[in-house]
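A structural walkthrough
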Amino acid sequence: MRTYVAGQEAHGDLEFAELALGIDVELFRGPLKPETAKERRARKDAARDILRDLREMGEAGDEVAGWDALYADALTCTVPFLRAVRGHRQGTGEAA
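Here we summarise the structure given alongside this text. (Residues numbered from 1 in each chain as written. Predicted model: local features only at pLDDT ≥ 70, side-chain atom pairs only at ≥ 80, totals over all residues. Heavy atoms only, no water.)

**Let's talk about the overall build of the protein**
Of regular secondary structure, the protein possesses five helices and two strands. Residues classed as buried in the protein amount to 22% of the 96 residues present. Considering only contacts in the protein between residues 6 or more positions apart, those separated by 24 or more positions represent 33%. Accessible surface for the protein amounts to roughly 7100 Å². Of this, 57% is attributable to carbon and sulfur atoms. (Helix = DSSP H or I, 4+ residues; strand = E, 2+ residues; numbered from the N terminus. Buried < 20%, exposed > 50% of the residue type's maximum accessible area, 1.4 Å probe, protein only. Contact = heavy atoms within 4.5 Å. Areas by Shrake-Rupley, 256 points an atom, 1.4 Å probe, with all protein chains shown as cover.)

**Brief notes about the nonpolar core**
If you look at the biggest cluster of nonpolar residues, it comprises 11 residues: I23, V25, L27, F28, A47, L51, L54, A65, A69, A72 and L75. At the level of elements, helix 2 (25-29), helix 3 (37-59) and helix 4 (63-75) are the ones that each hand at least two residues to this core. At four residues, the largest contribution of residues to this core is made by helix 4. Those residues within four positions of L54 in sequence are excluded, and the remaining contacts are I23, A65, G66, D68 and A69. (Core = buried A, V, L, I, M, F, W, Y, C linked by side-chain atoms within 4.5 Å.)

**Focus: the packing of helix 3 against helix 4**
Packing of helix 3 against helix 4 brings their axes to within 7 Å, and their N-to-C directions diverge by 145 degrees. As for how helix 3 packs across helix 4, the hand of that crossing is left-handed. Packed against helix 3, whose contacting residues are L51, L54, R55, M57 and G58, the element helix 4 presents A65, G66, D68, A69, A72 and D73 at the interface. Here the contact of helix 3 with helix 4 is built from residues that sort into six nonpolar, two polar and three charged. (Axes fitted to C-alpha atoms, helices over the stretch in contact; angles between N-to-C directions. Left-handed = near helix turned anticlockwise from the far one by under 90°. Nonpolar A, V, L, I, M, F, W, Y, C, P; charged D, E, K, R; others polar.)

**Considerations on the side chain of R43**
The topology assignment puts R43 in helix 3. Within polar-contact distance, the side chain of R43 engages the backbone oxygen of L27 at 3.2 Å. A distance of 2.8 Å separates polar atoms of two side chains, one belonging to R43 and the other to E35. Not counting chain neighbours up to four residues away, the residues in contact with R43 comprise E26, L27, F28, R29, G30, P31 and E35. (Polar contact = N/O pair within 3.5 Å; in protein donor to acceptor, adjacent residues only side chain to side chain.)

**Thoughts on the pattern of salt bridges**
Under the counting rule described, the total for this entry stands at six salt bridges. Close ionic contact of R43 with E35 constitutes a salt bridge, the shortest N to O distance being 2.8 Å. Salt-bridge contacts for D73 lead to R55; the nearest nitrogen and oxygen are separated by 3.2 Å. Taken together, the residues span a long stretch of sequence, with D73 in helix 4 and R55 in helix 3 at a distance of 18 residues. Taken together, the shared-partner salt bridges in this structure form one network comprising E35, R40 and R43. (Salt bridge = Lys/Arg side-chain N within 4 Å of Asp/Glu carboxyl O.)

Structure, rendered in structure tokens:
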């Protein structure tokens, strides 16, 4: 079974959420691959600007933008599993 959002086929849950909500998950959560400090600063600056705009639109009465702001804000508090595993010390049960 295929899933389409706005005429585009979604390949998986993440892509469905991105198409349906218009939110780039990697922008707010961070990529699964390593990024340089410069790339991280640029990504976080862009995410902060977009999140501010979404909040302002939500406060102005755009309910969808308000929900998108909540979702994007929650993504900023997550850590991709692969990145979390790299920081885990083998056998200690503690983060590095």
